[in-house]
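A look at the structure
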Amino acid sequence: MAEATSGAPGLRILLHHHSKDRSPLPVSSHADRDRIIGVFTNVLMKDEPPENFALRAVQEAIKPQKQTVLVLDENQLLENALRTLLQELVSSAVQSGQRMTQRSQNGGQIPHLLDIVLYLCERGHVEGGMIFQLLEDLTEMSTIKDCKEVFAYIESKQDILGKQELFARGKLVMLRTCNQLLRRLSKANDVVFCGRILMFLAHFFPLSERSAVNIKGVFNASNETKYEKEASEGVPIDFKFYKTLWSLQEHFSNPAQTTLSLPRWQKFAGNLAVVLDTFEAQPLTEDEGKANNLEQEEEATFSIKYLTSSNLMGLELKDPSFRRHILLQCLILFDYLKAPGKSEKDSPSESMKEEIKLCEERVKRLLEIIPPKGKEFLQSIEHILERERNWVWWKRDGCLPFEKQPPEKKPVQDGVRKRKPRWRLGNKELSQLWKWSDQNPNALTDPERVSMPSINEYWKPLAVDMDPASGIEAEYHHKNNRVYCWKGLRFAAKQDLESFCRYSDLGIGIEGVVPPELLPSDVRAKLHARTTEKNKRAKREETKGPTIQPEEAQVATPIEADGGGSAGDLEEGEALMDSDPTELQKQSPPEVESKQEAGKSEAETELEANIKVEVV
C-alpha cells in the first residue's frame, strides 16, 4: 500500500501497467530522447503543411544513416520519443481544460503531431505502423467524450490509413484499438458511437478479411431476454399468451439448439402457432398503422430491445413495428435452418422442413398485411435475406477473396498465330454446363431450373437504366449489350407483339420496347410522345378517307333498245342510282359487289328469255 502511494514512481507504474505486452524501450540516453522531443516541440509551432518540414525535422532529430529512410533501431527510438511527447501533450491539454483535437499555439497540438507522423508513414520515411501506435495510445489516455473527437480524426483519415503500405503494418493495431473502444462503451447509451466504429471497421477492412467473419456461425447465447414468470395482480391480459410470446426469444437467440431434439422443436412450433393465430385473429387497421408510424416523428429514439413488462403487452400488440420485429426474427430463424452446408446432426428432418415451409408462408402473409406499406416491407426483407444466403455460401466455400488481379498479357511474337483452345464439348460454355451436375438428366428435369421470365421482369434492368434518378452511366446501360437486346426482341416477338412493333415505330431503338408501366411518368411521356402523335395523324387520315361517288355506285344493266327487261330490274336500278352516296359508303365493298353481280345476272337471264321468245 505504501508503494502504491509513494509518489511519482507509483503513478508511472499505474499508468503503464497495461503496456506490458509491448516491445521494451531500446537502450538509449535520455539526452537523445529529450533532443527528439525538443525538435518536434518546436516543429509543432509551425503553421505549415507537414511536407514542408517533416522530413527535415526527422533528419535533424535522428541524424539517420540513410537520408530518407530510418532503420529498425532509429524507428524504435523515434516512436518511443513521439509516444512520450504525446503523453505530455495530453497531460497539458487536460490541465488547461482544452479539447484533445483543438489546434492552438498554447497547447492541444495533438492533431498537428498526428498529421506529421501520418505524412512520414505515408511517404515511407518511417515505419508504417507508427501512426497506428500513436492513435491507440491516444484513445487509451482519453475519456469517452474525447474519444469521439479522436475517432472523428481517424474517420477523416480513413482513405490514407487504408492504403496497402500502411494497412498491412497497422491493421491489427487498429482492430485492437476499435475493440477496446467497444468494450468501454455502453451498448444502451452509446449506440451511435458503437455504430460508427463498426461502420469504420466494415469500410477499413476488405470483405475477404477473415477476422470479421463468423466462420463457425456461433450465436450470442448470452443475449437473454428476461420476462415475468408469474402473473401479477391486476394485469388485464392473457398471461399464458404473454409467456408464450416471449419464450420464443430463447429459440431466436440460439437457433442451432432448436432442431437438436424433437420435443424442443415441437415446443417451438406450438408456441409459434399460437402467436401467429393471435396475429391473424387481431389484424391491424390502417388507422392503427398510421398512429404508430415512427417515420412521421422527427426526433424518435429507438432501443435495441423491446420492454417485456406484462402491462405493455396490450399496447405492443397494436404496434406494427413490434409485430414486424417478431415475424422478422421468425424469417431469420427459418432461413438459418434451411441454409446449406450443415451436418446431418444439425439439419432438420423432412417433417420439420414441411412445417418450416408452412410457417414461413404464414409469416409472409402476415407481414404483407401489416400497415403501413406491408408489401414493400416484405419485398425489402426478402431481398436482404437473399443477400444473406449469398454470404452463407461464400463462407461455406472458404471466404474466397473478392479481389482479382488482372491477367498478365504475354507479348506475342510477330508472325506467330495463337492457337485457339479446344474444348471437350465444342466450347467453354457447354463444357462448364456439363460439369455443373453429376447427374445431368436429373438436373434437366429439376423443377427449380431457371424458367423463362415475364416481359416485365426481363425489361426491368433496362427500365432502371432509363430512369435518370438511378444515376447509371450510359456506358453501363443494358442497351449496349447486344445479346441482351437480341434475346429481348425475340422474347417480345413471341409474347408481346405490341411492344415489338414499337421498336421500329418510335425510331429510337431498343428502349421503345420497354413496357410503359415500368418507366417513370416523365420518361414515359417523353418516350411515347411520337407514338401518340402518329396515332392522331392516322385517325385524321381515316376520317378524311375517300367517299364513294354516285356515278361510281351506278350499275349499268344491258337492256335492249326496244325496251326489253323487267320492270323490277328497272325499279331496282333506279333505286340504286337514286340512293344517297353516304349510304353506299357505309356499305362494305363485298355487299356492293354482290348487289352489282346480282343485278347483272338477273338482267342477262331476262334478256336471254326475250331472245328465245322472238325466235319462237
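Predicted model, so just to flag it, every value in this text is computed and none were measured.

Turning our eyes to something else, we now look at the overall build of the chain. Helices and strands together make up the secondary structure of the chain, namely 28 helices and zero strands. Relative to its 616 residues, the chain shows a buried fraction of 31%. The long-range share in the chain, meaning contacts at least 24 apart out of those at least 6 apart in sequence, stands at 67%. By element, 53% of the accessible surface of the chain is carried by carbon and sulfur atoms, the whole surface being about 41500 Å².

With 13 residues, helix H7 (residues 144-156) extends 19 Å between its outermost C-alpha atoms, agreeing within 8% with the 18 Å of an ideal straight helix rising 1.5 Å per residue. Within H7, burial applies to Asp146, Cys147, Val150, Phe151, Tyr153 and Ile154. Projected onto a plane normal to the axis of H7, the buried residues spread over an arc of 150° and lie on a single side. Residues Lys145 and Ser156 are exposed on H7 and point more than 90 degrees away from its buried face.

With that out of the way, let us pick up the confidence of the model for the chain. Regions with low pLDDT carry predicted coordinates that are not meant to be interpreted in detail. In the predicted model, the chain carries a mean pLDDT of 77, and 71% of its residues have values of at least 70. Taken element by element, the chain is modelled with least confidence in helix H1 (residues 8-16), mean pLDDT 34, and with most confidence in helix H6 (residues 130-140), mean pLDDT 95. Taken as a whole, residues 547-600 scores under 50 in pLDDT and shows 32 contacts with residues more than four places along the chain or in a different chain. Contacts for the low-pLDDT stretch residues 609-616, under 50 throughout, to residues beyond four places or in other chains number three contacts.

Another aspect to go through is a positive patch on the surface. A grouping of Lys229, Lys243, Arg264 and Lys267 is seen on the molecular surface, where their side chains present a positively charged patch. Counting through the fold element by element, Lys243 comes out in helix H11 (residues 239-253). Look at Lys243 and you get partly exposed, because its relative accessible area is 33%.

All right, on to the pattern of salt bridges then. For the structure shown, the criterion picks out 19 salt bridges. Salt-bridge contacts for Lys163 lead to Glu122; the nearest nitrogen and oxygen are separated by 2.7 Å. Here Glu122 lies in helix H5 (residues 110-122) and Lys163 lies in the loop between helix H8 (158-161) and helix H9 (164-184), a separation of 41 residues in the sequence. The class of Glu122 is partly exposed, set by a relative accessible area of 23%. Taking the shortest distance from any N to any O, the salt bridge between Glu280 and Arg362 comes out at 3.1 Å.

The periodicity of an α-helix, 3.6 residues per turn, causes residues three or four places apart in sequence to face the same way. An ideal rise of 1.5 Å per residue puts 28 Å on 20 residues; helix H12 (residues 262-281) measures up with 28 Å between its terminal C-alpha atoms. Within the span of H12, buried status applies to Trp265, Phe268, Ala269, Asn271, Leu272, Val275, Leu276, Thr278 and Phe279. On its buried face, H12 sits against H11, helix H14 (313-317), helix H15 (320-338) and helix H16 (350-369).

A few words now on unusual backbone geometry. Cis peptide bonds are those with omega within 30 degrees of zero, and the linkage from Pro371 to Pro372 qualifies with -5°. Inspection of the secondary structure puts Pro372 in the loop between H16 and helix H17 (374-396). Even without a glycine there, the phi angle at Lys373 is positive, about 55°. You can see Lys373 is positioned in the loop between H16 and H17. Owing to a relative accessible area of 60%, Lys373 belongs among the exposed residues under this scheme.

What follows deals with the environment of Arg389. Within the secondary structure, Arg389 is located in helix H17. Along the backbone, Arg389 and Pro340 are 49 residues apart, and their C-alpha atoms lie at a distance of 9.1 Å. Among the polar contacts made by the side chain of Arg389, one reaches the side chain of Glu386 at a distance of 2.6 Å.

Right, let's talk about the packing of helix H3 (residues 54-62) against H5 for a bit. Relative orientation of the contacting elements H3 and H5 amounts to 90°, with a least axis distance of 10 Å. The angle between the axes of H3 and H5 places the two elements in the roughly perpendicular class. Taken together, the residues of H5 that come into contact with H3 (itself represented by Ala54, Leu55 and Val58) are Ile116, Tyr119 and Leu120. For the contact of H3 with H5, the class distribution of residues is six nonpolar, no polar and no charged.

Okay, the packing of aromatic side chains next. Summed over the entire model, instances satisfying the criterion amount to 18 aromatic pairs. Between Tyr227 and Tyr242, the ring centres sit 6.4 Å apart and the planes meet at 80°, which makes this aromatic pair edge-to-face. Here Tyr227, found in the loop between helix H10 (191-204) and H11, pairs with Tyr242, found in helix H11; they are 15 residues apart in sequence, far enough to count as distant. When the ring of Trp265 is compared with that of Phe268, the centres are 5.6 Å apart and the planes differ by 45°; the resulting orientation is tilted.

This part is about the nonpolar core. One finds Phe40, Leu78, Leu82, Ile131, Leu161 and Met174 to be the most contacted residues of the largest nonpolar core, which totals 58 residues. A total of nine residues in this core trace back to one element, the largest contributor, which is H5. With residues near it in sequence (within four places) discarded, Met174 still touches Phe132, Leu135, Ile154, Leu161, Phe200 and Phe204. Within the second largest apolar cluster, 36 residues are counted, among which are Leu248, Leu327, Leu337 and Leu366.

By secondary structure assignment, the location of Asn75 is in helix H4 (residues 72-96). A polar atom in the side chain of Asn75 sits 2.9 Å from the backbone nitrogen of Glu127.

Thresholds applied
- Residues numbered from 1 in each chain as written.
- Predicted model: local features only at pLDDT ≥ 70, side-chain atom pairs only at ≥ 80, totals over all residues.
- Heavy atoms only, no water.
- Helix = DSSP H or I, 4+ residues; strand = E, 2+ residues; numbered from the N terminus.
- Buried < 20%, exposed > 50% of the residue type's maximum accessible area, 1.4 Å probe, protein only.
- Contact = heavy atoms within 4.5 Å.
- Areas by Shrake-Rupley, 256 points an atom, 1.4 Å probe, with all protein chains shown as cover.
- Expected span 1.5 Å × (residues − 1).
- Arc of directions from axis to C-beta.
- pLDDT = per-residue confidence, 0-100.
- Patch = residues over 30% accessible without salt bridge, like charges linked within 9 Å, V, L, I, M, F, W, Y side chains within 5 Å.
- Salt bridge = Lys/Arg side-chain N within 4 Å of Asp/Glu carboxyl O.
- Lys, Arg positive; Asp, Glu negative; His and termini not counted.
- Charge placed at Lys NZ, Arg CZ, Asp CG, Glu CD.
- Polar contact = N/O pair within 3.5 Å; in protein donor to acceptor, adjacent residues only side chain to side chain.
- Axes fitted to C-alpha atoms, helices over the stretch in contact; angles between N-to-C directions.
- Parallel < 35°, antiparallel > 145°, perpendicular 65-115°, else oblique.
- Nonpolar A, V, L, I, M, F, W, Y, C, P; charged D, E, K, R; others polar.
- Phe/Tyr/Trp six-rings, centres within 6.5 Å; stacked < 30°, edge-to-face > 60°.
- Core = buried A, V, L, I, M, F, W, Y, C linked by side-chain atoms within 4.5 Å.

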